[in-house]
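Architecture and fold: a report
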Amino acid sequence: MIIPGPKESDPDQTQRYLRVLVNELIRLWHVGVLLPTHKHPRGRRVRVILVGVFCDKPAAHKLGGFGSHAHTFFCTRDWITQRLKTTLAAFTKGGFTRRTDSHHRRMMHEYQECTSKKAREDYARAFATRWSEFARLPYFDVCRMVVVDPMHNLFLGVVKTHFYHIWIQLKIFRKTKEIRLLHELLDKMDLPSKLGRLPRLIGEPAGGSLTADQWLNLATVVAPMVLPQLWDGVEMPKDPDFLEKRREALRSASEKRKVQQKRKWKCTAKAKARNRASKSAPQEAAEDNDESVRRSARARKPSQKAKDLILEVDDSGAVNDNDDVDWVEEDNDDDDSHCASQLHPQDLSNFLKLCTALKHYLADSIHQDELEIADRLIREYCVELIELYGPEVIRPNHHYATHTGEFVLDYGPLREFWTFLFERLNKVLKSYRTSNHEGGEIEMTFFREFHRTARLHQMLAHGWSTPAATSIKATCQLMMEATSDNRGTLQQLTKDLDAHFVDDSVMLSLSPRSCLERLPTDVYFSFIAWINSRSPLQVYHSDVAVTKDPSSIRIANLANVFDYIVVRGHRYYAASRASSVVNSIALCRVSAAGASWIGQIQHIVVYEDVASGVREMFAYVRWFRPATVLLSGTPWALCQEAFSLQLWEANTYVVDGAEPGPGALVALGDLLAPVACHTVTLEDTEMWLTMPLMRAPIIPS
C-alpha cells in the first residue's frame, strides 16, 4: 500500500488508510473465503489471520498505536524511558515492566474517547499511546505482534552505529592509519559474487553509504576475517585512566556534533524558505496579471492545513532521538598520523560479540540453547559499549536489540521475517525518475501505470490465447517484448527478485551451457579409480588399458563439462571455465561421518554412457593444503570457533595420492557451501584464511 502525499501522514491519518485493510481482515476472520479443492469441489472455508506486522521503528509506533519513537517511553515491549536507556537495567532481562495487550487496548480506547484533537495529543504525550485499527482484530496482540524489523534495527541500526558513527565519525579509526589499512586488507579479500563487495573507500565520504545487505556482510563475514588485523599488536594501555579519558573525549565530540547538527538544520530551513519564496513570487505575479488562465491550469497553492501538516507531533517531554541526529558528515582531510592510537584491546572482542550473536540469529534453524547464547551476547555487548565509549553512543536500537530473542521465539530465525524483500521494492520505487514532481503527482503516476499495465495485460492475455500461427499472437509477443522495460514497477521488481533469489529454492541444477569433450588425463584416471572404489563388485578400465577380465567395462574418455552447478541454493563455478576462481572455492563433505575440507572446484562433470549404464555426476577439486600455524595464537583466536575460520598455505594444493588428503573427486551432492577467502601474512608467510558461508554447524576434517 502506497499512502499518498504530499507529506507523510500523521499517526491518526495513517489509521484511516489502515482501516480499509483491517475491515478486510475482519471479514476474512469471521466469514473467510471458499476455496475449491480436489476433495471439496464446492469449496472449503478458509479463514485468514494476521500473524505479525514487521516494519521499522517509526512505522511500528504508528501502526501499533504507540507514542512517537522519540517519546520518553520509546519501547513497544516495556516501559523503559529515554533517561534509563543508558543504564544497566536497560540491558537486563526483565528490567522494566512489560507492556501488555489488555492494558494497551484499554489505553487506546481511552485515547479514542478524547473529544478534541488537543485532548488526544495531551493523552499521547502523557501515556505514549494512540489509537490503532489493529485493536479491532480480536486475536491480535498489538504489543507482541508488531515487531521492529531486525534488518532496520540490527544492521542499519546497531551495526552501522558501531562501525560508522563510533569508530569512523568519532575518530576511533584514524584516516591515515586504521582506515587506510582497512582499505588495503579489503583489496586482498575474495568474496563470492552473490555477496557483492564493500565500497573500496569504506569509512570515507567518497565511499558512499552502505546498504543493509552490505552491513550484514560486514558484520557476519568481513569483520571476523579482517578486523582482527587492525588490532594486531594493540596492547593494554599503560595509562589506567585510558578509557575514562577516551569516554570524555567522545562526550565532547558528541556535544560538538549536536551543535553542528542544529546549525545545519537552521541553515537548511532558511534555504528551503528562500527557495519556496523564490518559486511562489513569479507564480503569484503571473496569476495576478493573466486573467485568461483557467483555474484548473494554475499551480495549486498549498492550503494552510497542508502547510501545518507535520510528520508526527512530538510528545511532551520527549527526547528528539533520531538515530543520525548527533552525526554530521565531515570531509576532513587533516593529517591525523601524529595522533595517538585510540584502540583498546577490548574494542575488538566487544564488536565480535555482536557479530557472533548475529551469526546465531541468522542460522536456518536455532536451538533454545543457541538462542540464549545469542541473547546473552547482545546484552553483554550493549553493557560493554557503555564502559568502552560512554553512554552518549547508546541509541534506542540497542535496547530494541535485546528483544530480538523474543521475536525469534515467536517467528523463527531472522531470515523468516526480516524485510529485505520489501526494502528492495522501496529501492526500486526510489529509483523511479519523478522529474521533481510534487504534490501527489508521483502517486498518481504509479496509479495510472498500474491501471495501464493491468489493461494491457488483459488485452495481451486474450490475444495470447489465439492459435500460434495467427498475426494477433505474434503482435502480442512483440508488444510484450516492447514493454519489458518496467523499471520502477512491481513487475520489474518481481523479475529482479527472481534473478536475485533464483537459486534459493534449487536443490540441484546444472548450467544450461555445457560441452562434450575429452577430460584431462588426471581427471580421467581419477574418475576411473573413483568409480572402481564405489563399485567393488564391478571392474572398470580406461580406453587405453588392456584387461584380461571379460566383465570389466571400458570407460570412454568423453563427458559433458558444465560452467556451474547449483546445489541447495548455492552456485559453484568450475575454475577451468570461469574468468575468476572466487566462485569456485567450496566447502565439501569428504567422509560419511560428515568431515569437511575446502578446495577449488576445477571441473564439473556429468559422465553418461548408455551402453555400459554408467552415469556419474562429480566435481574435480584441488584441495587446499592446511597450514602448520594454529589460529589459537593469532588475532583470530577470538572468533575462530564461532565462524569456522581455518588457515591454509597460500597458492599451494594437496598433491592427489602423494600426501594426506581426500580424493580429488567429489559427488555434487557433497558440495556444502561457498567459501570467503582472505590473504593474510603470519610469521612472514602468506596464508589463506577461509570462512565457509554456511548457516549450519561444520565438522572440520
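The model shown is predicted, which means the values in this text are computed figures rather than measured ones.

What about empty space enclosed by the protein?
Scanning all chains against the criterion turns up one cavity of 30 Å³ or more. Lining the largest cavity we find Val-148, Pro-150, Asn-153, Leu-154, Tyr-400, Thr-404 and Phe-407. Residue contributions to the lining of the largest cavity peak at three residues, all from helix H6 (residues 150-168).

Some remarks on the packing of H6 against helix H8 (residues 212-230)
The geometry of H6 relative to H8 is characterised by a closest axis approach of 9 Å and an angle of 55 degrees between their N-to-C directions. When the axes of H6 and H8 are compared, the pair comes out oblique. Crossing angle aside, the handedness with which H6 passes H8 is left-handed. Here Met-151, Phe-155, Leu-156, Val-159, Lys-160, Phe-163, Tyr-164 and Trp-167 of H6 lie close against H8, whose contacting residues are Ala-212, Trp-215, Leu-216, Leu-218, Ala-219 and Leu-227. Here the contact of H6 with H8 is composed, by residue class, of 13 nonpolar, no polar and one charged.

Some details on the packing of aromatic side chains
Evaluation of the coordinates by the stated rule reveals 28 aromatic pairs. Both rings, one in Trp-29 and one in Tyr-139, keep their centres 4.9 Å apart while their planes meet at 55 degrees; by these two values the pair is tilted. Remark: Tyr-139 occurs in the loop between helix H4 (117-127) and helix H5 (142-145) and Trp-29 occurs in helix H1 (residues 11-30); sequence separation between them is 110 residues. The partly exposed category is assigned to Trp-29, whose relative accessible area is 31%. Their ring planes at 70 degrees and their centres at 6.1 Å tell us that Phe-163 and Trp-167 sit as a pair that is edge-to-face. One end of the pair, Phe-163, and the other, Trp-167, are both in helix H6, four residues apart, so they sit about a helical turn from each other. Summarising the burial analysis for this pair, Phe-163 and Trp-167 share the class buried. An aromatic cluster is defined as three or more aromatic residues linked by ring pairs; in this entry it consists of Phe-163, Trp-167, Phe-173, Trp-215, Trp-231 and Phe-351. Directly above the ring of Trp-79 sits Arg-99, whose terminal nitrogen or CZ lies 3.9 Å from the centroid. Sitting over the face of the ring of Trp-530, Arg-534 holds its NZ or CZ atom 4.2 Å from the ring centroid.

A few points about the pattern of salt bridges
For the coordinates displayed, the defined rule picks out 30 salt bridges. For Lys-118, the salt bridge goes to Asp-122, with nearest N and O atoms at 3.0 Å. Placement of the pair is Lys-118 and Asp-122 together in helix H4, with a separation of four residues, close to one helical turn.

Considering the sheet that holds strand S11 (residues 564-567)
Pairing is antiparallel in the open sheet, where three strands are placed in the order S6-S11-S12. The open sheet terminates on both sides in strands that have one partner only, identified here as strand S6 (508-510) and strand S12 (570-573). When the angles between neighbouring strand axes are averaged without regard to direction, this sheet yields 15 degrees. Of the pairings in the sheet, the one linking S11 to S12 comprises four bridges and is antiparallel in character. For Tyr-564, the partnering residue across the bridge sits in S12 and is Tyr-573.

Concerning the packing of H8 against helix H11 (residues 345-361)
When two helices pack together, their arrangement is given by the angle between the helix axes and by the axis-to-axis distance. Running from N to C, H8 and H11 point in directions that differ by 155 degrees, and their axes come no closer than 9 Å. Viewed along their axes, H8 and H11 adopt a mutual orientation that is roughly antiparallel. Crossing of H8 against H11: the hand is left-handed. Facing H8, whose interface residues are Ala-219, Thr-220, Ala-223, Pro-224, Leu-227 and Pro-228, H11 presents Leu-348, Phe-351, Leu-352, Cys-355 and Leu-358. Here the contact of H8 with H11 is built from residues that sort into ten nonpolar, one polar and no charged.

Section: H1
The end-to-end C-alpha separation of H1 is 27 Å, in line with the 28 Å expected for 20 residues at 1.5 Å each. At Leu-18, H1 shows its strongest bend, of approximately 35 degrees. For H1, every residue scored as buried is listed here: Pro-11, Gln-13, Thr-14, Gln-15, Leu-18, Val-22, Leu-25, Ile-26 and Leu-28. The inward-facing, buried residues of H1 abut strand S1 (33-35), strand S2 (44-46) and helix H2 (57-64). Two or three places before Asp-12, at the start of H1, stands the capping residue Asp-10, its side-chain oxygen 3.2 Å from that residue's backbone nitrogen. Two residues or fewer past H1, Gly-32 is found with a positive phi of approximately 75 degrees.

With respect to the environment of Thr-161
Mapped onto the elements of the fold, Thr-161 is located in helix H6. For Thr-161, a relative accessible area of 3% corresponds to the buried category. For the pair Thr-161 and His-398, spaced 237 residues apart in sequence, the C-alpha separation works out to 9.6 Å.

Looking at helix H19 (residues 521-534)
Taking 1.5 Å per residue, 14 residues should reach 20 Å; H19 reaches 20 Å between its end C-alpha atoms and fits that length. Of the positions making up H19, those classed as buried are Val-523, Tyr-524, Ser-526, Phe-527, Ile-528, Trp-530 and Ile-531. In the core, the buried residues of H19 are packed alongside strand S8 (540-542), strand S9 (553-555), strand S14 (596-609), strand S15 (614-626) and strand S17 (665-667).

Comments concerning a nonpolar patch on the surface
A contiguous nonpolar patch, built from Trp-29, Ile-49 and Val-51 and spanning about 250 Å² of accessible area, is present on the exposed surface. The residue Val-51 is located in the loop between S2 and strand S3 (53-55) in this model. Of the residues examined, Val-51 reaches a relative accessible area of 47% and is grouped as partly exposed.

Remarks on the side chain of Lys-353
Within the secondary structure, Lys-353 sits in helix H11. Separated by 3.1 Å, the side chains of Lys-353 and Glu-380 make a polar contact. Leaving out residues up to four positions away in the same chain, Lys-353 has contacts with Leu-377, Glu-380, Tyr-381 and Glu-384.

Focus on the pairing of strand S19 (residues 685-692)
The side chains of a regular strand alternate between both faces of the sheet. S19 sits mainly inside the fold: six of its eight residues count as buried. In this sheet, S19 lies alongside strand S16 (residues 646-653) in antiparallel orientation, the contact comprising four bridges. In the strand pairing of S19, Trp-648 is matched with Trp-688. Where strand S18 (residues 671-682) lies against S19, eight bridges are found, and the strand directions are antiparallel. Bridge pairing in S19 links Thr-681 to Glu-686. Counting the residues in the hairpin turn of S18 and S19 gives two residues, including Glu-683, whose phi is positive at 55 degrees.

What counts and how
- Residues numbered from 1 in each chain as written.
- Predicted model: local features only at pLDDT ≥ 70, side-chain atom pairs only at ≥ 80, totals over all residues.
- Heavy atoms only, no water.
- 1 Å grid on protein atoms, 1.4 Å probe; cavity = no way out; pocket = protein on both sides within 12 Å on 5 of 7 lines; lining within 4 Å.
- Points joined across faces, edges and corners; volume = space filled by probe spheres on them.
- Helix = DSSP H or I, 4+ residues; strand = E, 2+ residues; numbered from the N terminus.
- Axes fitted to C-alpha atoms, helices over the stretch in contact; angles between N-to-C directions.
- Parallel < 35°, antiparallel > 145°, perpendicular 65-115°, else oblique.
- Left-handed = near helix turned anticlockwise from the far one by under 90°.
- Contact = heavy atoms within 4.5 Å.
- Nonpolar A, V, L, I, M, F, W, Y, C, P; charged D, E, K, R; others polar.
- Phe/Tyr/Trp six-rings, centres within 6.5 Å; stacked < 30°, edge-to-face > 60°.
- Buried < 20%, exposed > 50% of the residue type's maximum accessible area, 1.4 Å probe, protein only.
- Lys NZ or Arg CZ within 6 Å of the ring centre and 35° of its normal.
- Salt bridge = Lys/Arg side-chain N within 4 Å of Asp/Glu carboxyl O.
- Pairing = 2+ DSSP bridges.
- Expected span 1.5 Å × (residues − 1).
- Bend = angle between axes of the 7 residues up to and from the residue.
- Polar contact = N/O pair within 3.5 Å; in protein donor to acceptor, adjacent residues only side chain to side chain.
- Patch = residues over 30% accessible without salt bridge, like charges linked within 9 Å, V, L, I, M, F, W, Y side chains within 5 Å.
- Areas by Shrake-Rupley, 256 points an atom, 1.4 Å probe, with all protein chains shown as cover.

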